[in-house]
Amino acid sequence: LERTETERANRLKPDQVNVYDLYLRAVHHYHAFSFDDILAALKILEKALAIDPNYPPALALSGICYARILVMSWDKPREQAHMKAGVFAARRAAELAPEDATVLWMSGLAIGRLSGDLQGGVDFLERAITLNSNSYQAHGAAGLLKAHTDDAAGAIDHLKQAIRLNPIDPRIFNVHANLAAHVISLKTGKIAHYSPPLGDGVASKARPASFSRALISSLSTSNSSRLRSIKLCVRRDFSRMPFGVSK
């Protein structure tokens, strides 16, 4: 449904676009997974917020856009500015829409990754899941954050549920990658994260392609049929993404 609505919004003429349409156009760029697209998304969201400064979905999406910039180390000179803007937007969105599951999962993920307030982020995500237990985005985001609260088992439960709810989404690579990392953590006792929280202001140096190579290498050394199965999922998912494939 979101994809259909996004395609509709992208076909509209400039004089036909409202704040919701601008939000959908920004969603399209967010999912493209490149620095240029994230910048394009933020530019569109600025237009949306100029129309309605208190539009919660646009504020929440701004938060996770800023989080992605920091996670990917795309703009290190301005990391502190991006962190401040992202946290402000995410907290404002959650304040304005405390009963909106979509707003809350985006806000929770942004807050957990940017501010160092992991539990605060998890609380928003759990509230989102209470409001909409079928939100695979909320489960996926909860899995990403919970591992950083030393709850690898809880993270695995959420990540598995996200996969069950939407197994064919081409963006599910992130969930499979984190699921594999958390299974490794439980099996070996060694922490393996895809994208660490950024509360200290230092963005991750990891890149998806290099992470996938290291992850698949780790999985290859295991005799566990469960890990071998996850390895195939990780390899398949990364092969669909534009940033590189681990062979």
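All values reported here derive from a predicted model rather than from experimental measurement. (Residues numbered from 1 in each chain as written. Predicted model: local features only at pLDDT ≥ 70, side-chain atom pairs only at ≥ 80, totals over all residues. Heavy atoms only, no water.)

1. Some points on the overall build of the chain
Link 1 in the chain: Counting its regular elements, the chain contains 12 helices and zero strands.
Link 2 in the chain: Reading the helices (α) and strands (β) of the chain from amino to carboxyl end gives α-α-α-α-α-α-α-α-α-α-α-α.
Link 3 in the chain: For the chain, with 247 residues in total, the buried portion stands at 54%.
Link 4 in the chain: A separation of at least 24 residues holds for 59% of the contacts in the chain among residues at least 6 apart in sequence.
Link 5 in the chain: Accessible surface computed for the chain: about 11,500 Å², of which carbon and sulfur atoms make up 53%. (Helix = DSSP H or I, 4+ residues; strand = E, 2+ residues; numbered from the N terminus. Buried < 20%, exposed > 50% of the residue type's maximum accessible area, 1.4 Å probe, protein only. Contact = heavy atoms within 4.5 Å. Areas by Shrake-Rupley, 256 points an atom, 1.4 Å probe, with all protein chains shown as cover.)

2. Things to note about the nonpolar core
Link 1 in the chain: The biggest cluster of nonpolar side chains holds 58 residues, and the ones touching the most others in it are Leu61, Ile64, Cys65, Trp105 and Leu114.
Link 2 in the chain: In terms of residues, this core owes the most to one element, helix α4 (residues 56–71), which gives 10 residues.
Link 3 in the chain: Apart from residues no more than four positions distant in its own chain, Cys65 is found in contact with Tyr30, Ile38, Ala41, Leu42 and Leu45. (Core = buried A, V, L, I, M, F, W, Y, C linked by side-chain atoms within 4.5 Å.)

3. Looking at the pattern of salt bridges
Link 1 in the chain: In the structure shown here, the tally under the stated rule is five salt bridges.
Link 2 in the chain: For the salt bridge of Arg92 with Glu95, the shortest nitrogen-to-oxygen distance reads 3.1 Å. Highlighted residues: Arg92 and Glu95, both in helix α5 (residues 79–96), separated by three residues, approximately one helical turn.
Link 3 in the chain: A residue is classified by how much of its surface remains accessible, and Arg92, at 24% relative accessible area, is partly exposed. (Salt bridge = Lys/Arg side-chain N within 4 Å of Asp/Glu carboxyl O.)

4. Focus: α4
Link 1 in the chain: Here α4 contains 16 residues, and its C-alpha end-to-end distance of 23 Å stays within 8% of the 22 Å for a straight helix at 1.5 Å per residue.
Link 2 in the chain: Burial runs high along α4: 16 of the 16 residues are buried.
Link 3 in the chain: At the C-terminal side of α4, Ser73 shows a positive phi close to 55°. (Expected span 1.5 Å × (residues − 1).)

5. What about helix α3 (residues 35–51)?
Link 1 in the chain: An ideal rise of 1.5 Å per residue puts 24 Å on 17 residues; α3 measures up with 25 Å between its terminal C-alpha atoms.
Link 2 in the chain: Considered for burial, the residues of α3 that qualify are Asp37, Ile38, Ala41, Leu42, Ile44, Leu45, Ala48 and Leu49. Taken down its axis, α3 places every buried residue within 170° of arc, on the same side. Across α3 from its buried face, at more than 90 degrees, point the exposed residues Asp36, Lys43, Glu46 and Ala50. (Arc of directions from axis to C-beta.)

6. Thoughts on the packing of α3 against α4
Link 1 in the chain: Between α3 and α4, whose axes approach to 10 Å, the crossing angle comes to 155°. Between α3 and α4, the interaxial angle falls into the category roughly antiparallel. The handedness of the crossing between α3 and α4 comes out as left-handed. Side by side, α3 and α4 meet where Phe35, Ile38, Ala41, Leu42, Leu45, Ala48 and Leu49 of the first sit next to Ala58, Leu59, Leu61, Ser62, Cys65, Tyr66, Arg68 and Ile69 of the second.
Link 2 in the chain: Split into classes, the residues belonging to the contact of α3 with α4 amount to 13 nonpolar, one polar and one charged. (Axes fitted to C-alpha atoms, helices over the stretch in contact; angles between N-to-C directions. Parallel < 35°, antiparallel > 145°, perpendicular 65-115°, else oblique. Left-handed = near helix turned anticlockwise from the far one by under 90°. Nonpolar A, V, L, I, M, F, W, Y, C, P; charged D, E, K, R; others polar.)

7. Section: the environment of Gly86
Link 1 in the chain: Relative to the helices and strands, Gly86 resides in helix α5.
Link 2 in the chain: Sequence separation between Gly86 and Tyr66 is 20 residues; the distance between their C-alpha atoms is 5.3 Å.
Link 3 in the chain: Ignoring sequence-local partners within four residues, the contact set of Gly86 consists of Gly63, Tyr66 and Leu114.

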